[in-house]
Each structure stands twice: as C-alpha cells, then as structure tokens.
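# Topology and contacts: notes
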Amino acid sequence: MQNLCVLGATGSIGDSTLDVVRRHPDKYNVRSLSAYSSVAKMLTLCQEFLPDIVVLVKPDAAKALKRQLDALSLEHIVVHSGEQALIDIASCDKTQVVMSAIVGASGLLPTLAAVKHDKRVLLANKEALVTSGQIFIDALKNSKAELLPIDSEHNAIFQCLPEYQQRHIGQARIEDSGISKILLTGSGGPFRTTPLEQFDDITPAQACAHPNWDMGRKISVDSATMMNKGLEFIEAKWLFNLQPDDIQVVLHPQSTIHSMVQYKDGSVIAQMGNPDMRTPIAHAMAFPDRIESGVEPFDFFSCKNFEFGQADFARYPNLKLAIDACRSGQGACTALNAANEISVDAFLNEKIKFTDISKVNEHVMQKFMDVDITCIDDVVALDRQARDAAHQWVSKLLEQKA
Ligand code: NAD
Ligand code: MG
C-alpha cells in the first residue's frame with residue numbers, strides 16, 4: 001500500500017488521478033489532498049477518500065471546510081492553510097508518492113520539497129521545471145527521489161526510451177542510447193485552421209474548447225496559443241537532458257500519437273492511445289508495472305486520419321518565444337513563464353485580447369532574459385519581478401483600449 005499526496009486535487013489532473021486511485025483501493029491510500037480554495041469539491045473528496053490531512057491555501061476556505069467536516073463527524077481530518085502547509089504535506093515522512101498537479105509556478109516549492117524528501121514525484125506541473133530548470137534537476141540528482149513525467153508527451157517519450165534512460169531522468173545522455181531526436185507532438189489546438197485575421201476576436205470560451213483534451217482553463221489557453229508546447233519543449237530539455245536541436249515539434253491534430261523517439265538506425269518508437277490523462281497517470285503510479293486506468297482501448301478501425309505537419313510561428317508566436325527562451329537560458333524561461341501566467345489570466349478575465357498574450361510575454365521576456373539564476377531564491381525573486389512587469393504591461397494595454 002502506497003500513501004499518496006495529491007497537490008491540486010480539485011483540478012482536471014486531480015480528478016483523473018483520483019479516478020485511477022478509486023480503481024485500486026488495495027494499492028493506493030490517499031493521505032493528503034490540496035487545493036487553492038474550492039471548499040465544496042474538497043468536502044466531497046474528503047467524504048470519499050478520507051485523507052488524514054487537507055490543505056486549502058486560502059485561510060477562509062480552510063476554516064469553512066473545517067466547519068463542514070466537523071458537522072459531518074469527520075473532525076479527525078486535519079485542515080491546514082497557507083503555502084508552507086503545501087510543502088509540509090509534500091515532504092511528510094508518511095507519504096511515498098506525490099502527484100504534483102498545482103497549476104503554475106505556485107507548484108514549484110512543494111514539488112521541490114517532495115524531490116528533496118525522496119518521494120516518487122509524478123510531475124504534471126510543468127511550470128515548476130520550466131521555471132527552475134537545472135536547480136530542480138540538481139535537487140533530483142542529490143536525492144533518492146524518482147521523477148516520473150505525467151505530461152502526456154513526456155510520459156510517451158519516457159515509455160519509448162530504454163530502461164537506462166528511464167532510470168536516469170535528467171542525467172543520461174541520449175547519444176549513449178543511439179537516440180537521434182525527440183519528436184514532441186502537439187494537436188495545434190482549436191485555432192489550427194482559423195484565419196489569422198480572426199485571432200483578435202477569439203473569446204476565452206473558444207480558447208478553452210480544446211478539440212481533443214479536457215483540461216484546466218490555463219493549460220487550455222496555453223494549448224490554443226501553443227505556449228503549452230513551448231513550455232513542454234523546455235520541460236523535455238530538462239527531463240531528458242537535451243539540447244534544443246534534439247527536439248522537433250510535430251503537429252498531429254488527432255492527438256493519437258502522444259510523442260515519439262527517433263533512433264539513429266532509422267527506427268521511430270511512438271506511444272499511442274486515446275487522449276485521456278488517466279493513461280500517463282496510471283503508468284507513472286504503477287511504474288514499472290501496469291494497472292487498469294479506465295481508458296478505453298484505442299480502436300484503429302474507427303480512427304479517421306493520421307496527419308502530421310509543421311507548426312507555423314506566425315500562427316503560434318508563443319511557441320517561438322518559448323523555444324527562444326530555451327536557447328537563451330534560465331532568466332528568459334522563468335520570466336516568460338511568469339509573464340504567461342499573468343497574460344493568460346488577463347485574457348481569461350477579458351482584460352486583453354488573445355493576440356495580446358504574446359505581446360505581454362515577449363516584452364517581459366526581453367526585459368529579464370539576461371538575469372542570472374543560480375539558486376531558488378533567484379527564481380522566486382525573478383518570478384515576482386516578471387509578474388509585476390506583466391501586470392504593468394496589461395494595465396498599459398487597458399489604458400490604450402479605454
Ligand atoms: P486545473 O486548473 O484544473 O487545477 C489546478 C489545481 O491547482 C486545482 O486543484 C487548484 O485548486 C490548484 N491551485 C490553483 N492555484 C493554486 C495556488 N496558487 N496554490 C495552490 N494550489 C493552486 O489545472 P490542470 O489542468 O489540472 O493542470 C494542473 C497542472 O498539470 C498544470 O501545470 C498543467 O500544465 C499540467 N497538465 C495538465 C494536463 C491536463 O490534461 N489537464 C495535461 C498535462 C499537464
Ligand atoms: Mg502535454
């Protein structure tokens with residue numbers, strides 16, 4: 001029996017994780033759960049999974065949850081609030097597995113704590129790795145933690161790698177295993193064929209309607225701008241110890257192939273399946289075993305097309321920014337990620353246009369790209385400065401509109 005901590009339990013990845021857990025009560029015990037503020041959803045999860053500890057970051061929400069748990073005679077469930085409490089549940093001695101599924105750089109410190117405390121870390125929170133890069137990988141090297149990718153592309157790549165590479169995440173050299181390229185697939189999102197002159201009028205609802213995947217709102221917008229693929233490009237660099245030229249983005253609108261590894265003898269190994277995050281989650285939870293995930297087997301006879309293409313940077317300027325950031329260094333990656341969290345939030349709140357997202361991101365990335373990052377405090381400081389600069393740029397755009 002493994003004790004599990006789910007960070008970001010009320011989100012889309014949280015849902016999928018708990019659905020896999022539900023199918024294997026003999027293997028996994030939910031020890032702790034966290035969310036930002038969703039009292040009602042957390043209450044339902046508490047009733048079903050009976051965790052020992054729950055964290056709601058917002059103090060008022062934590063108090064409200066505690067009152068409701070007491071009223072249901074669930075007073076033995078301990079409720080904490082605040083960011084330190086996330087770090088505490090992620091590093092707790094009684095937990096072996098941590099699902100890192102908070103959205104954004106807020107997931108960094110708890111995820112890093114789980115790594116430093118030798119957990120099996122299931123990494124969905126790509127922003128944590130994008131924003132800290134080498135610092136994260138060094139922490140992994142200096143620990144006994146096991147890092148398993150949940151992002152479907154990185155989980156697919158992991159599954160296509162030889163065991164030596166799988167056992168030395170972030171450290172093995174791909175040339176030692178005859179690997180020539182990592183092919184990172186992406187659907188192109190909901191606006192792959194939308195005329196560019198309509199991009200100014202794209203609404204949050206349209207941007208969140210992904211053709212193949214059902215996800216949280218932030219990553220849905222990132223998928224529409226392909227910033228998600230850009231963040232994944234940086235994530236792949238760190239997870240698989242790559243140079244930017246080792247990675248090729250391949251558009252594949254059907255999302256059936258989740259990514260591929262090309263070897264120097266001409267072989268290409270792909271991982272396929274229905275687009276459902278329970279597959280990579282079940283894979284990482286059980287690795288190296290395999291368990292049922294609830295995902296339907298892929299039906300090749302009803303599959304329509306199998307298309308591939310190149311991503312066009314005029315359509316996806318955010319993808320280019322992220323690849324440029326990856327080539328530039330940690331300052332650019334940390335600043336770009338922070339700016340993107342602010343610009344996407346401003347778009348979702350209808351303050352800026354869809355096409356303004358890349359403008360805010362580019363401005364902030366240029367401003368901070370030469371900043372040196374050598375420790376986690378540098379990351380936290382730059383993240384804050386970049387957010388401030390992005391807020392200022394959003395305000396400027398709002399003034400222009402008024
Ligand atoms: P979501 O918005 O559905 O859920 C986010 C979770 O994080 C919620 O539980 C929320 O309460 C919590 N949260 C939000 N802000 C927080 C904060 N400041 N502090 C603490 N907790 C906070 O997001 P999601 O789609 O589940 O994505 C989670 C992560 O997984 C993201 O990093 C995303 O890029 C990654 N990911 C998601 C998918 C997917 O299919 N949804 C696929 C691959 C990777
Ligand atoms: Mg992905």
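Below or above, wherever it landed, is the structure these notes cover. It should be emphasised that the depicted structure is a prediction, and the values quoted were computed from it without experimental measurement.

In this section: the packing of aromatic side chains. In this structure the tally under the stated criterion is seven aromatic pairs. Ring centres of phenylalanine 298 and phenylalanine 300 lie 4.7 Å apart, and the angle between their planes is 80 degrees; this geometry places the pair in the edge-to-face category. Judged by relative accessible area, which is 21%, phenylalanine 298 ranks as partly exposed. Among the aromatic residues, those joined into a cluster by ring pairs are Phe191, Phe199, Phe347 and Phe354. When the ring centre of tryptophan 238 is taken as reference, the NZ or CZ atom of lysine 237 above it lies at 4.6 Å.

Formed by 136 residues in total, the largest nonpolar core has its most connected members in Met42, Leu65, Met99, Phe136, Ile150, Phe354 and Val364. It is helix α15 (residues 330-348) that provides the largest number of residues to this core, a total of 11 residues. Leave out the neighbours within four places in its chain, and leucine 65 touches Val39, Met42, Leu43, Val54, Leu56 and Val79.

This brings us to the site of ligand 1. Among the 23 residues in the neighbourhood of ligand 1, the closest are listed as Thr10, Ile13, Tyr36, Glu127 and Gly216. The separation between an oxygen atom of ligand 1 and a polar main-chain atom of serine 12 is 2.9 Å. Residues of the shell around ligand 1, tallied by class, amount to 13 nonpolar, seven polar and three charged.

The next thing to look at is the pattern of salt bridges. Counted under the stated rule, the structure contains 26 salt bridges. Between arginine 278 and aspartate 19 there is a salt bridge, and its shortest N-O distance comes to 2.9 Å. In this pair, arginine 278 sits in helix α13 (residues 278-286) while aspartate 19 sits in helix α1 (residues 12-22), placing the two residues 259 residues apart along the sequence. Given the relative accessible area of 16%, aspartate 19 is considered buried. Between arginine 167 and glutamate 163 there is a salt bridge whose closest N-O contact spans 3.5 Å. Pair noted here: arginine 167 and glutamate 163 are both in helix α9 (residues 163-167), with a separation of four residues, about one helical turn.

Another aspect to go through is the coordination of the magnesium ion (ligand 2). In an ideal tetrahedron of four donors about a metal, each angle is 109.5 degrees. In an ideal octahedron of six donors, the angles are 90 or 180 degrees. Ligation of the magnesium ion (ligand 2) by protein atoms is provided by Asp151 (OD), Glu153 (OE) and Glu232 (OE), these donors lying 2.1 to 2.2 Å from the ion. Donor residues for the magnesium ion (ligand 2) sit on one chain with the sequence pattern D-x1-E-x78-E. With a gap of 81 residues between them, aspartate 151 in the loop between β7 (146-149) and α8 (152-159) and glutamate 232 in helix α12 (residues 227-239) connect regions that are remote in the sequence. As far as burial versus exposure is concerned, aspartate 151 and glutamate 232 are alike and both buried.

With parallel pairing, the seven strands of this open sheet are ordered in space as β4-β3-β2-β1-β5-β6-β7. Both edges of this open sheet fall to β4 (78-80) and β7, since each of them pairs with a single strand only. Each adjacent strand pair in this sheet contributes to an overall mean axis angle of 20 degrees, direction not counted. Set on the sheet, helix α4 (residues 83-91) makes contact with β1 (2-7), β2 (28-35), β3 (53-56), β4 and β5 (97-100); between it and β1 the angle comes to about 155 degrees.

Right, let's get into the packing of α12 against α15. The N-to-C vectors of α12 and α15 enclose an angle of 145 degrees; their axes lie 12 Å apart at closest approach. Considering how the two elements wind past one another, α12 and α15 form a crossing that is left-handed. When α12 is examined against α15, the residues Met227, Leu231, Ile234 and Trp238 are found in contact with a partner set consisting of Gln330, Cys333, Leu336, Asn337 and Asn340. Among the residues forming the contact of α12 with α15, the class breakdown is six nonpolar, three polar and no charged.

Relative to the elements of secondary structure, asparagine 228 occurs in helix α12. Non-local contacts of asparagine 228, meaning those with residues more than four positions away in its chain, are made with Lys126, Ile219, Asp222 and Ser223.

All right, on to the sheet that holds strand β8 (residues 179-186) then. Pairing is mixed across the open sheet formed by four strands, whose spatial order is β9-β8-β10-β11. Of all the strands in the sheet, the pair left with one neighbour each is β9 (247-251) and β11 (268-272). When strand polarity is set aside, the average angle formed by the axes of neighbouring strands in this sheet is 20 degrees. Bridge count between β8 and β9: five bridges; the pairing is parallel. Bridge pairing in β9 places threonine 185 opposite valine 250. Across the sheet, α8 is in contact with β8, β10 (257-263) and β11; its angle to β10 comes to roughly 40 degrees.

Taken across its eight residues, α8 has seven buried, putting it largely inside the fold. Taken residue by residue, α8 has Ser152, Glu153, His154, Asn155, Ala156, Ile157 and Phe158 as its buried positions.

Take empty space enclosed by the protein next. The tally for this structure, following the rule as stated, stands at two cavities of 30 Å³ or more. Ser152, Asn155, Trp213, His258, Gln271, Asn274, Asp276, Thr279 and Pro280 are the residues that line the largest cavity. For the lining of the largest cavity, the elements supplying multiple residues, two or more each, are α8 and α13. Residues belonging to the lining of the largest cavity are distributed by class as follows: two nonpolar, six polar and one charged. In this model, the second largest cavity occupies a volume close to 40 Å³. Leu161, Gln165, His168, Ile169, Gly170, Gln171, Ala172, Leu239, Phe240 and Asn241 are the residues that line the second largest cavity. Residues of the lining of the second largest cavity, tallied by class, amount to five nonpolar, five polar and no charged.

Definitions and cut-offs
Residues numbered from 1 in each chain as written. Chains lettered and ligands numbered in written order. Predicted model: local features only at pLDDT ≥ 70, side-chain atom pairs only at ≥ 80, totals over all residues. Heavy atoms only, no water. Phe/Tyr/Trp six-rings, centres within 6.5 Å; stacked < 30°, edge-to-face > 60°. Buried < 20%, exposed > 50% of the residue type's maximum accessible area, 1.4 Å probe, protein only. Lys NZ or Arg CZ within 6 Å of the ring centre and 35° of its normal. Core = buried A, V, L, I, M, F, W, Y, C linked by side-chain atoms within 4.5 Å. Helix = DSSP H or I, 4+ residues; strand = E, 2+ residues; numbered from the N terminus. Contact = heavy atoms within 4.5 Å. Near = heavy atom within 4 Å. Polar contact = N/O pair within 3.5 Å; in protein donor to acceptor, adjacent residues only side chain to side chain. Nonpolar A, V, L, I, M, F, W, Y, C, P; charged D, E, K, R; others polar. Salt bridge = Lys/Arg side-chain N within 4 Å of Asp/Glu carboxyl O. Donors = N, O, S within 2.8 Å, 3.2 Å for Na, K, Ca; no water. Pairing = 2+ DSSP bridges. Axes fitted to C-alpha atoms, helices over the stretch in contact; angles between N-to-C directions. Left-handed = near helix turned anticlockwise from the far one by under 90°. 1 Å grid on protein atoms, 1.4 Å probe; cavity = no way out; pocket = protein on both sides within 12 Å on 5 of 7 lines; lining within 4 Å. Points joined across faces, edges and corners; volume = space filled by probe spheres on them.

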